[in-house]
Amino acid sequence: MTLTVEKSFDWDTFTERFWDRRPVLYKAVDAVPFAESEVFRAAVLGSRPPHPLAVPGNLQFLVRRRQQTRPHDYLPELSDGSFDGYEQRMADRLGGQRYALVVHRFHSFSHPLWDRAQRFYAGLWERVGQPTHSAGSTMFHGSYEHSPVGVHQDRFATFMFCVRGTKRMRFWAERPWSDPVHTVLDYQPYLDSSFVAEVEPGDLLYWPSRYYHVGESAGDAPATSVNVGIPRREHRPYYEIKDLFRGTRPTASAPLFTPDAAPGGRLAAELPTALADAVDAFATRLDEDRFTDRATELALRVRTAGGFWPTEPPAEPRPLDDDTPVRGCAPLLPAPGEGPRRWATGGHVTSGTTTAEALAVLHRLDAGEAVRVGELPATGRAEVRRLLEELESFRAVIRVDTH
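Residues numbered from 1 in each chain as written. Predicted model: local features only at pLDDT ≥ 70, side-chain atom pairs only at ≥ 80, totals over all residues. Heavy atoms only, no water.

A.B. asks: Give me the overall build of the protein chain: which residues, what numbers.
C.D. replies: Counting its secondary structure elements, the protein chain contains 9 helices and 18 strands. Principal-axis analysis of the C-alpha atoms gives the protein chain an extent of 75 × 75 × 45 Å. Across the 403 residues in the protein chain, those meeting the buried criterion constitute 43%. Between the centroid of the 48 positive side chains of the protein chain and the centroid of its 54 negative side chains there is a distance of 3 Å. (Helix = DSSP H or I, 4+ residues; strand = E, 2+ residues; numbered from the N terminus. Buried < 20%, exposed > 50% of the residue type's maximum accessible area, 1.4 Å probe, protein only. Lys, Arg positive; Asp, Glu negative; His and termini not counted. Charge placed at Lys NZ, Arg CZ, Asp CG, Glu CD.)

A.B. asks: For the sheet that holds strand 17 (residues 370-371), give the residues involved together with the corresponding values.
C.D. replies: With respect to topology, 3 strands assemble into an open sheet ordered 17-13-18, the strand pairing being antiparallel. Edge strands, defined here as strands with exactly one partner in the open sheet, are strand 17 and strand 18 (397-399). Sheet topology places strand 13 (residues 326-328) next to strand 17; 2 bridges connect them, and they run antiparallel. Among the inter-strand pairings, Val-326 is bridged to a residue of strand 17, identified as Val-371. (Pairing = 2+ DSSP bridges.)

A.B. asks: Break down unusual backbone geometry for me, citing the residues and quoting the values.
C.D. replies: For the peptide bond that leads from Trp-309 to Pro-310, omega is 5°, which places it in the cis range. One can find Pro-310 in the loop between helix 7 (288-304) and strand 13. In this structure, Asp-20 takes a positive phi of about 60° despite not being glycine. With respect to the element layout, Asp-20 can be found in the loop between helix 1 (11-17) and strand 2 (24-26). Backbone geometry places Arg-64, a non-glycine residue, at a positive phi of 55°. Mapping Arg-64 onto the fold places it in the loop between strand 3 (59-63) and strand 4 (66-67).

A.B. asks: Can you explain helix 8 (residues 356-366)? Please cite residues and give values.
C.D. replies: By the burial criterion, the buried members of helix 8 are Ala-358, Val-361, Leu-362 and Leu-365. Summarising the axial view, the buried residues of helix 8 lie within an arc of 100°, below the 170-degree limit, and thus occupy one face. Positive phi appears at Gly-368, one or two residues downstream of helix 8, with a value of about 95°. (Arc of directions from axis to C-beta.)

A.B. asks: Please provide a residue-by-residue account of the pairing of strand 8 (residues 167-172), values included.
C.D. replies: Across the 6 residues of strand 8, 5 count as buried, placing the element largely inside the fold. Pairing between strand 8 and strand 9 (residues 195-199): 5 bridges, direction antiparallel. Paired with Lys-167 across the two strands is Val-199, which belongs to strand 9.

A.B. asks: I'd love a proper account of the packing of aromatic side chains, names of residues and values included.
C.D. replies: Evaluated as defined, the whole model comprises 30 aromatic pairs. Ring centres of Phe-9 and Trp-11 lie 4.8 Å apart, and the angle between their planes is 75°; this geometry places the pair in the edge-to-face category. By relative accessible area, Phe-9 is classed as partly exposed at 22%. (Phe/Tyr/Trp six-rings, centres within 6.5 Å; stacked < 30°, edge-to-face > 60°.)

A.B. asks: An account of the environment of Gly-339 is requested, with residue identities and associated values reported.
C.D. replies: The topology assignment puts Gly-339 in the loop between strand 14 (333-334) and strand 15 (343-345). For Gly-339, a relative accessible area of 48% translates into the label partly exposed. On a C-alpha basis, the gap between Gly-339 and Ser-209 in space is 44 Å, while along the polypeptide they are 130 residues apart.

A.B. asks: Break down the packing of helix 2 (residues 36-45) against helix 4 (residues 111-128) for me, with residues and values.
C.D. replies: Remark: helix 2 packs on helix 4, axes separated minimally by 9 Å, with the N-to-C direction vectors making an angle of 125°. By the angle class used here, helix 2 and helix 4 are oblique. The crossing of helix 2 and helix 4 is left-handed. On helix 4, the residues that touch Glu-38, Val-39 and Ala-42 of helix 2 are Pro-112, Leu-113 and Arg-116. (Axes fitted to C-alpha atoms, helices over the stretch in contact; angles between N-to-C directions. Parallel < 35°, antiparallel > 145°, perpendicular 65-115°, else oblique. Left-handed = near helix turned anticlockwise from the far one by under 90°. Contact = heavy atoms within 4.5 Å.)

A.B. asks: Go over the nonpolar core, please, and point to the residues and values.
C.D. replies: Among the nonpolar cores identified, the biggest contains 45 residues, and Phe-14, Phe-61, Tyr-121 and Phe-159 are the most heavily contacted of them. Of the residues forming this core, the biggest block, 7 residues, is contributed by helix 4. Apart from residues no more than four positions distant in its own chain, Phe-14 is found in contact with Phe-9, Trp-19, Val-24, Tyr-26, Leu-124, Phe-159 and Tyr-206. Counting 17 residues, the second largest nonpolar core, distinct from the first, contains Leu-320, Leu-362, Leu-387 and Ala-396. (Core = buried A, V, L, I, M, F, W, Y, C linked by side-chain atoms within 4.5 Å.)

A.B. asks: I'd love a proper account of the pattern of salt bridges, names of residues and values included.
C.D. replies: Going through the model one piece at a time under the given rule, you end up with 32 salt bridges. Measuring nitrogen to oxygen at the nearest pair gives 3.5 Å for the salt bridge that ties Glu-312 to Arg-395. Highlighted residues: Glu-312 in the loop between helix 7 and strand 13 and Arg-395 in the loop between helix 9 (381-393) and strand 18, separated in sequence by 83 residues. Note on Arg-395: relative accessible area 22%, which makes it partly exposed. If you follow the salt bridges from partner to partner, you end up with Glu-36, Asp-84, Glu-87 and Arg-164 in one network. (Salt bridge = Lys/Arg side-chain N within 4 Å of Asp/Glu carboxyl O.)

Okay, here's the thing in structure tokens:
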């Protein structure tokens, strides 16, 4: 099989010829949603260790084939200035050894990067529907010999945008081995049945989820790409359950271990206190009203995230005075139902329901008007001010410069 190469990109032709069918390489796409400067900044923010001795859960760093369990000074810093600076520092630090930096949930570390991505993929969602479970994004950077997991198959249809350097992707239309394993690191025996795509800066490569693949270095110089994966296979309810209970932490009122077994090896009939606390915490979340509220909030977050959730956390709210006008800059989606409701935008949901005065302000913002809190009736100002401050923290309204 040979790779199809196209010189112009549009969603209609893509969905008709390639979506869920076969790989395609688009050369020099005009509207690439990932700019190098934004990718570097998101790489810095997305690789901050939670502790000097801990690697973040969304990150992998390998030197040659060895996964690192401590961050050391391997991760990008703002002081590097750019990927050029980071690559030079790594070349000096590692003595030219090959390395790989992989950052998952990449879009959630940069609002501008997320905004570009969700605008770009809106064209795909119009034609095939927005995924019910969010698309994922991952940045790959380095001079690694091949992808850390080797040859594998994903549950995602994947779009790869090359940001800098040259990336090589190798594909197999069918699993090239017969052994009962999911991935293969040493795949030399299977090269003859593969085909290759060489991806340069500005190129877009797509492949369906059924293809086995591996990323390779096209030379000694590091390269950078951002992959967007859209779930197409192996949909599992636990992904939604995991999201529904994201952030839920039962209070630990006892040590997280079980007592020793009684003579004869029998454990006590009742759950250890720590496990019982966890069961009680989740049971409380499953109360019908609370669970409905939580499920509704999750649906609003996912729907307004443009296919990419979670998004970057809200900014710190800033006080808004009476005289500063604000204008809407992102669409708002109400929760279902009648009467006072919560509103969502950009993957975030307001903390309270809207009064009639606040709802009137939202309609004005939706119509493109600028609003000053001081223009509103005194009885409703506090509620509207709080709402506008929260929406600004969601990056859904901006302050208008009157000078």
